[in-house]
Amino acid sequence: MERGTFPKVRVTYHHMMCQHCQEAPCIEACPSHAIYRRPDGIVVIDPEKCRGHKMCIAACPYESVIWFNDDLNIAQKCTFCAHLLDQGWTETRCSDACPTGALTFGDEEDPKIRELLARAEPLRPDLPTRPRVLYLNLPKKWIAGAVFDPEADICLEGATVRAANTKTGQIVTAVTDNYGDFWPKDVPEGEYVITIEKEGYLPHKVGPVEVTAADVNVGDIGLWRG
Amino acid sequence: MGIKQIYIAPDCNYAAAIHADKWIPILPNTDAALYLAIAYHWFKNGTYDKEYLETHAVGVEQFEDYVMGRTDGQPKSPEWAAPITGVPARVIKALAEEWASKRTTVVIGNGGPGIRGPYSHEPARLQVLCLAMQGLGKPGCNQAKMIEWGLTNDIKQMSQPAPAVLLSLWPAYTGGSVRDTNHPSFLPKTLVPKAILEGKCEWWGCEQEMAPRENQFVHYKYPADGCSQIHMIWTDSPSWVTSWNDGNAFTRAMRHPSIEFIFAQHPWMEDDCLFADIILPVNTKLEEDDINSDLFGGQMNLLFPEYKCTEPLGESKSDYEIVCAIAERLGLLEQYTEGLTIEDRIRLGYEKSGAAHLISWEELNKRGYFIVPVDPDWEKAPAGLIEFYEDPEHHPLSTPTGKLEFYSTGLAEHFPDDDERPPVPHWISWGETHQESLDSPRAKQYPLLVVSNHPRWGVHAQHEDITWLREIETCKMRGPDGYLYQPLWINPVDAAKRGIKHGDIVGIYNERGMVLAAAYVTERIIPGAVSIDHGAKYDPIVLGQIDRGGAINTITPGNTTSRHVCGMVVSGFLAEVEKVDLDKLRAKYPEAFARKFHPAAGPSIEGVLKGGA
């Protein structure tokens, strides 16, 4: 997912997969009762019972999780590698293959997993699906900008940037680097007024800005000697 | 590791998008101006290693004169560089100060800004001079590259930890080699269209990257004395039209009356094969026995026999078998094969690989591969140019003076008046050989700079038809006509100016022709530039003029790097982009648009064979 506006741009990779929900809408939606939940929590589409209605695809609120196999006329999705686990594998193929350790598969009784679960969050907290795929370090929105001195034509390092939430009063702080850049990346959603201060310069106010739908780039801010 | 990473590129590339502490967007092919401005800032403030230059460099005074504006009245200040590069002056100053204040290494993929652009030898040289001004070779101050370490066949260039032996399969290799410079007649690839279309040409240097330095001053011509013009072309796995300079000129060269016969051998009916009179089908790797080595991957240097996993399909043969069949008809079979069977050759490859004393033939075949062990003394190898740094007299560089030449003595001797590659590196905006900068007259008609990188989803022209990859939006984008187009990255500002929305089919064009693409509107490209990967499969709407496949190389400059340099120019050139009306185009070129293509795999053999496949 591309985020931000030029030149404050990043790409974050969001892994979308079947969430193996404890309250799976697909199970409810299937008129052939082809989808079921195993005792170990894995949600499975029975290929022999599936009649190709595609109601599961319509019911699933997550993106690109269930897809339709036109050759076999059945819906298919991630199975948590059930067939491998049943043969003794201790993790899914994707978790095994991931070179950066971004995927961890395990039993919720395992203390290592419990430690991760304590810090993890669902992708869509607005949904009542109770997923069994949880996420660490989901990116929050950012506020980005750059501070400079237009008279001296230099980037201003060491300027303090305070973004104050107009409702909660919470303040997110950053200090500009040698390019004058400030880029706090874990800003809770809300409306903010931003104050930029540096000794020897007049303070500058920006905003209010809405940090909700998208990351915010306030652009290049000039400070004037005071 | 906590090392700060600054990415300087027109695009926020895939590494920058994740790893950059700072992305400094820069207009394509303007890096020479950036380096000059950085040098200016250092000269002005004295923030460079003066003592080092006194012992390790020559010609610094001439360079300083140029940079400070004493030679041409134009100081190469950050303020001067800002409108050229698109980098604000204050950012150039901050970058210069950061570079000077820390141990800074320049990392490039393979060539970075020093290759494939007009006059790209200037940014290449200037990058080295900037490194030199901060003590090139001192710990932490080197130049590093990220791929293809085995390219130069030099164990000193291998990434660390280096292998105990440098594998080589050259003794068993049966193909031609660019190292064969003792042929009476040869032609750089970059000059093939020109040579055919004009009947003659001249150049300097054999174009080969491992040639000795002095070779760049040797004058060559075509036709060589006493040698024939080209009458026939014999090509294997060719992709010139989509991988080299001015592909449209290449298409004209292939159809020139002087070319009586073109013979191609390739696994697939694509690209240059479209021009061949006879095409022989060639095996893929999966269909033949061979032996291979991997020296490009970094730490894992591998030797591995490759045995076929399926018999050749249809009547296809290996490239080698086809060449043998022709050699036999020419009475050259014994000479060509040296009496060896393919099995013999594979065994010979192993025997001479450099690893035969480390693993037996039987064990190699049993295991299927051999990983060359690490050199036990790898940690003792000198790091980068540390030996030159510490003792330039006893560890000189391979320049004529043995030092870093801010004033190139070789160029001064051979091409003293070459204003396109002067002894002191310059910012060359535009000149006789190229007019591809935003301040050249052509920019009025073609105001965008195209940057074209090696493809993300392929290797040059390979893997264009892999259906799973083609589903990915950054690989191909489906047009309203169901065709999967090559994506063109364009900034929202430039797109809005042209009424272009994400997914619109657009034409990228200049005098050399037009290439269709799908607009990928993104903040990841600097305004004023557009980006399109090279290597798309050629799919002409009008042969030599309009391409549907997105083969951007059909409209890249034809001229070589500069007057005396015969490298290719395939990035950093001017074009305009406009939305196209596919319905209008289809009405104008019904036959081309009616050509069959595979909905997932793209242009296919069905589309080009009379009467279908």
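Nothing here was measured: the structure is a model prediction, and the numbers come from that model.

1. Some remarks on the overall build of chain B
Within chain B, the secondary structure is distributed over 21 helices and 26 strands. Dimensions of chain B along its principal axes, counting C-alpha atoms only, are 70 × 65 × 55 Å. Sorting the 613 residues of chain B into buried and exposed places 43% on the buried side. Across chain B, contacts joining residues at least 24 apart in sequence account for 69% of those joining residues at least 6 apart.

2. A word on the confidence of the model for chain B
Confidence in the prediction of chain B, expressed as mean pLDDT, is 95, and 99% of residues score 70 or more. In the predicted complex, the global pTM is 0.94; the interface-specific ipTM is 0.91.

3. Quick look at the sheet that holds strand 10 (residues 278-281) of chain B
Residues and elements named next belong to chain B. The sheet built from three strands is open, its strands ordered 8-9-10 with parallel pairing. At either end of the open sheet lies a strand with only one pairing partner, and these are strand 8 (232-236) and strand 10. Neighbour-to-neighbour, the strand axes of the sheet open up by a mean angle of 10°, direction not taken into account. Summarising the sheet, strand 9 (residues 261-266) and strand 10 pair through four bridges and their orientation is parallel. Of the residues in strand 10, the one forming a bridge with Gln 265 is Leu 280.

4. Things to note about unusual backbone geometry
Omega for the bond connecting Gly207(A) with Pro208(A) falls within 30 degrees of zero, at 10°, which places this linkage in the cis form. Within the element layout of this structure, Pro208(A) appears in strand 13 (residues 204-211). Cis geometry marks the peptide bond from Gln160(B) to Pro161(B); its omega dihedral reads -5°. Locating Pro161(B) in the fold gives a position in the loop between strand 5 (143-145) and helix 8 (192-198). Here Arg130(A), not a glycine, exhibits a phi torsion of approximately 50°, which is positive. Within the secondary structure, Arg130(A) is located in the loop between helix 5 (111-119) and strand 7 (143-149).

5. Re the interface of chain B and chain A
With 16 residues of chain B in contact, the opposing surface of chain A contributes 15 residues. Broken down by element, the residue count for the side of chain B that touches chain A peaks at six residues, all from helix 6 (residues 89-101) of chain B.

6. A short note on the pairing of strand 12 (residues 190-197) of chain A
All names here are of chain A. Relative to strand 12, strand 9 (residues 160-165) is paired through six bridges, and the arrangement is antiparallel. Its bridge partner lying in strand 12, Val 161 is registered against Ile 196. Here six bridges tie strand 12 to strand 13, and the two strands are oriented antiparallel to one another. Each residue of the ladder has a partner; that of Ile 196, found in strand 13, is His 204. Between strand 12 and strand 13, which pair antiparallel and follow one another directly, the connecting turn spans six residues, one of which, Gly 200, has a positive phi of 95°.

7. A closer look at the environment of Asn365(B)
All names here are of chain B. Residue placement: Asn 365 occurs in helix 14 (residues 361-367). Take Asn 365: there are 14 C-beta atoms within 10 Å of it, and that puts it in the partly exposed class. It is 24 Å that separates the C-alpha atoms of Asn 365 and Gly 339, two residues lying 26 residues apart in sequence.

8. Thoughts on helix 2 (residues 31-45) of chain B
Residue and element names in this part refer to chain B. Between the first and last C-alpha of helix 2 there are 21 Å, a value that for 15 residues agrees with the 21 Å anticipated at 1.5 Å per step. Buried residues dominate helix 2, accounting for 12 of its 15 residues. Those residues of helix 2 that sit buried are Asp 31, Ala 32, Ala 33, Leu 34, Tyr 35, Leu 36, Ala 37, Ile 38, Ala 39, Tyr 40, His 41 and Trp 42. Of the residues flanking the end of helix 2, it is Gly 46, one or two places downstream, whose phi is positive at about 70°.

9. A closer look at the sheet that holds strand 12 (residues 302-306) of chain B
Residue and element names in this part refer to chain B. With antiparallel pairing, the three strands of this open sheet are ordered in space as 11-12-13. The open sheet has two edge strands with one neighbour each: strand 11 (290-294) and strand 13 (370-371). In this structure, strand 11 lies alongside strand 12, joined through five bridges in antiparallel fashion. Bridging from a neighbouring strand, Asp 290 pairs with Glu 306 of strand 12.

10. Comments concerning the environment of Met269(B)
All names here are of chain B. Mapping Met 269 onto the fold places it in the loop between strand 9 and strand 10. Expressed as a C-alpha distance, the spacing of Met 269 and Cys 130, which sit 139 residues apart in the sequence, is 47 Å. Those residues within four positions of Met 269 in sequence are excluded, and the remaining contacts are Ile 279, Ile 605 and Val 608.

11. Side note on the pairing of strand 6 (residues 201-204) of chain B
Residues and elements named next belong to chain B. The two faces of strand 6 differ: Cys 201 and Trp 203 on one face are buried, but Glu 202 and Trp 204 on the other face are not. Note: strand 6 against strand 7 (residues 219-222), four bridges, orientation antiparallel. Of the residues in strand 7, the one forming a bridge with Trp 204 is His 219.

12. A short note on the nonpolar core
Generally speaking, nonpolar side chains in soluble globular proteins are found buried as a group. Residues and elements named next belong to chain B. Among the nonpolar cores identified, the biggest contains 147 residues, and Leu 36, Ile 38, Leu 488 and Ile 508 are the most heavily contacted of them. For this core, the element with the most residues is helix 2, which contributes 10 residues. Once residues within four sequence positions are removed from consideration, Leu 488 is found in contact with Val 506, Ile 508, Ala 517, Ala 518, Ala 519, Tyr 520, Val 530, Ile 532 and Val 577. Formed by 16 residues, the second largest nonpolar core is a distinct cluster that contains Leu 169, Leu 303, Ile 346 and Tyr 350.

Reading the values: the criteria
- Residues numbered from 1 in each chain as written.
- Chains lettered and ligands numbered in written order.
- Predicted model: local features only at pLDDT ≥ 70, side-chain atom pairs only at ≥ 80, totals over all residues.
- Helix = DSSP H or I, 4+ residues; strand = E, 2+ residues; numbered from the N terminus.
- Buried ≥ 20, exposed ≤ 12 C-beta atoms within 10 Å, placed from the backbone.
- Contact = placed C-beta atoms within 7 Å.
- pLDDT = per-residue confidence, 0-100.
- Pairing = 2+ DSSP bridges.
- Axes fitted to C-alpha atoms, helices over the stretch in contact; angles between N-to-C directions.
- Expected span 1.5 Å × (residues − 1).
- Core = buried A, V, L, I, M, F, W, Y, C linked by C-beta atoms within 7 Å.

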